[in-house]
Amino acid sequence: MAFAAEKLQSDDSLLDTYSATVADAVDRIGPAVCRIERIGAGGHGSGFVIAQDGLVVTNFHVVGDARAVRVTTPDGAAREGRVLGRDPDTDIALVRADGSFADVAPLGDSKRLRRGQIAVAIGNPLGFEWTVTAGVVSALGRSMRASTGRLIDDVIQTDAALNPGNSGGPLVSSAGEVIGVNTAMIHGAQGIAFAVASNTANFVISEIIRFGRVRRAFIGVSADTTNLPRRAALLSQVSTSTAVRLRSIEKNGPAAKAGLKEGDVIAAIDGRPVTGVDDLVRLLDAERIGRETVCTVVRRSGVSQVVVTPVARS
């Protein structure tokens, strides 16, 4: 009887700790979460403020081709916002809302994520205002097809329940940091939802702020983050424990023409370590278009240097 009482008390303590962790994360990020509505076009989704001057992150499919949106904060204040730029290939859009905002939710470092970590989704699902769901990070470095048909790389898989309207809202870690932008769920599957990793979102936002669009070099691959054995790291002359494994190669693309194959592991590009898919996305910037780029490739036969010439992504 005493054992049962002790166990019950222990379970209550664990539940209280879990609840407090989720509640603290929501208290920190929730006030910056917005409802996004297209003006005159119908439809709504979620977003979150990342800067006090009114920069708001959401999904491309939430704003579509709208030029103006209505941004409503949890206190009920509604403001007009204009779409600064959109990137269909990652389903990310950036909005500038009128006025200043006291509450912000800056993007954290998704590279530090671990599977099993608590993940909290905040948004406006099914028309319900500012709803919270919680789960765990199920997988990292996934690829998911965007509305353009391109693959979005560096996607976080979570079992935090998402519904229509959650799109564009933040996925939050137990430390109260935004680790992803909720983007979709698989219809017909149970408990599988996705978010674009915060590091990828950060890259896209920086490009939109500087150029109004995202400039990319394209080599025609999809990839996942993978472990890099120590011997392979030494042979590759990198000091990292992870790299990217190529899942598929686009026929007649630059990677295929250079001789890259499914299953190849890219450990570095032009001598710079590629520790994850976000590094691959970031390193393949516009500066590499039309320029010979050396990929350090790990295969069963050993380590080799493969020269790829990226093209402009259409």
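Higher on the page you've got the structure.
I will try to describe carefully the structure that is included in this document. If you're wondering where the values come from, they're calculated on a predicted model, not measured in any experiment. (Residues numbered from 1 in each chain as written. Predicted model: local features only at pLDDT ≥ 70, side-chain atom pairs only at ≥ 80, totals over all residues. Heavy atoms only, no water.)

Considering the overall build of the chain
- The secondary structure content of the chain amounts to 6 helices and 20 strands.
- For 314 residues, the compact-globule estimate of 2.2 N^0.38 gives 20 Å, and the chain sits close to it at 21 Å.
- For the C-alpha atoms alone, the extent of the chain along its principal axes is close to 65 × 55 × 35 Å.
- When the 314 residues of the chain are sorted by exposure, 49% land in the buried category.
- Approximately 14,900 Å² of the chain is accessible, and the part contributed by carbon and sulfur atoms is 49%. (Helix = DSSP H or I, 4+ residues; strand = E, 2+ residues; numbered from the N terminus. Rg over C-alpha atoms; globule rule 2.2 N^0.38 Å. Buried < 20%, exposed > 50% of the residue type's maximum accessible area, 1.4 Å probe, protein only. Areas by Shrake-Rupley, 256 points an atom, 1.4 Å probe, with all protein chains shown as cover.)

Examining the environment of Val303
- Along the chain, Val303 falls in strand 19 (residues 302–308).
- Expressed as a C-alpha distance, the spacing of Val303 and Ala233, which sit 70 residues apart in the sequence, is 9.6 Å.
- Each residue touching Val303, except ones within four places of it in the same chain, is listed here: Ala232, Leu235, Ser236, Thr296, Val297 and Val298. (Contact = heavy atoms within 4.5 Å.)

Let's talk about the sheet that holds strand 5 (residues 78–87)
- One closed barrel holds the 6 strands; their spatial order is 1-2-3-6-5-4, and the pairing between them is antiparallel. Neighbour to neighbour, the strand axes of the sheet diverge by 40 degrees on average, direction disregarded.
- As defined by bridge partners, strand 2 (residues 44–51) adjoins strand 3 (residues 55–58) across 4 bridges and the pair is classed as antiparallel. By the bridge assignment for strand 3, Ala51 is matched with Leu55. (Pairing = 2+ DSSP bridges. Axes fitted to C-alpha atoms, helices over the stretch in contact; angles between N-to-C directions.)

What about the pattern of salt bridges?
- Under the counting rule described, the total for this entry stands at 13 salt bridges.
- Across the pair Glu207 and Arg215 runs a salt bridge, and its minimum N-O distance is 3.6 Å. Each member of the pair, Glu207 as well as Arg215, is classed as buried. (Salt bridge = Lys/Arg side-chain N within 4 Å of Asp/Glu carboxyl O.)

Here's the deal with the packing of aromatic side chains
- Applying the stated criterion across every chain yields a total of 0 aromatic pairs.
- One residue, Arg79, lies across the ring of Phe101, its end atom 4.0 Å from the ring centre.
- The cationic tip of Arg215 hangs over the ring face of Phe211; the distance from NZ or CZ to the ring centre is 3.7 Å. (Phe/Tyr/Trp six-rings, centres within 6.5 Å; stacked < 30°, edge-to-face > 60°. Lys NZ or Arg CZ within 6 Å of the ring centre and 35° of its normal.)

With respect to the nonpolar core
- Counting residues in each nonpolar core, the largest one holds 65 residues, and the members touching the most others are Ile36, Phe48, Val57, Ile269 and Leu280.
- Once residues lying within four places of it in the same chain are set aside, the contact partners of Val57 are Gly47, Phe48, Ile50, Ile92, Ala93, Leu94, Gly168, Val181 and Ile205.
- Grouped together as the second largest cluster of nonpolar side chains are 12 residues, Ile156, Leu162, Ile179 and Ala195 included. (Core = buried A, V, L, I, M, F, W, Y, C linked by side-chain atoms within 4.5 Å.)

Description of the pairing of strand 14 (residues 221–227)
- Across the 7 residues of strand 14, 5 count as buried, placing the element largely inside the fold.
- Here 7 bridges tie strand 14 to strand 15 (residues 242–249), and the two strands are oriented antiparallel to one another. Within the sheet, the bridge partner assigned to Val221 lies in strand 15 and is Ile249.

Observations concerning unusual backbone geometry
- The residue Asp91 is not glycine, and still its phi comes out positive at about 60 degrees.
- Looking at the element boundaries, Asp91 is found in the loop between strand 5 and strand 6 (92–97).
- A positive phi is found at Asn252, a non-glycine position, where the angle reads about 65 degrees.
- Mapping Asn252 onto the fold places it in the loop between strand 15 and helix 5 (254–258).
- Owing to a relative accessible area of 57%, Asn252 belongs among the exposed residues under this scheme.

A short note on the pairing of strand 3
- With burial as the criterion, each face of strand 3 is covered, one bearing Leu55 and Val57 and the other bearing Val56 and Thr58.
- The antiparallel pairing of strand 2 with strand 3 creates a hairpin that spans 3 residues between the two strands, and Gly54 there sits at a positive phi of about 100 degrees.
- Here 4 bridges tie strand 3 to strand 6, and the two strands are oriented antiparallel to one another. Within strand 6, the position partnered with Thr58 by the bridge is Ala93.

Examining the environment of Gly253
- Within the secondary structure layout, Gly253 lies in the loop between strand 15 and helix 5.
- Of the residues examined, Gly253 reaches a relative accessible area of 4% and is grouped as buried.
- Residues Gly253 and Val155, 98 residues apart in the sequence, show an inter-C-alpha distance of 23 Å.

A look at helix 3 (residues 198–211)
- Under the 1.5 Å per step criterion, the end-to-end length of helix 3 is 20 Å for 14 residues, consistent within 8% with the ideal 20 Å.
- Looking at helix 3, one finds that the buried residues are Ser198, Asn199, Thr200, Ala201, Phe203, Val204, Ile205, Glu207 and Ile208.
- Positive phi shows up at Gly212, right after helix 3, with a value of about 80 degrees. (Expected span 1.5 Å × (residues − 1).)

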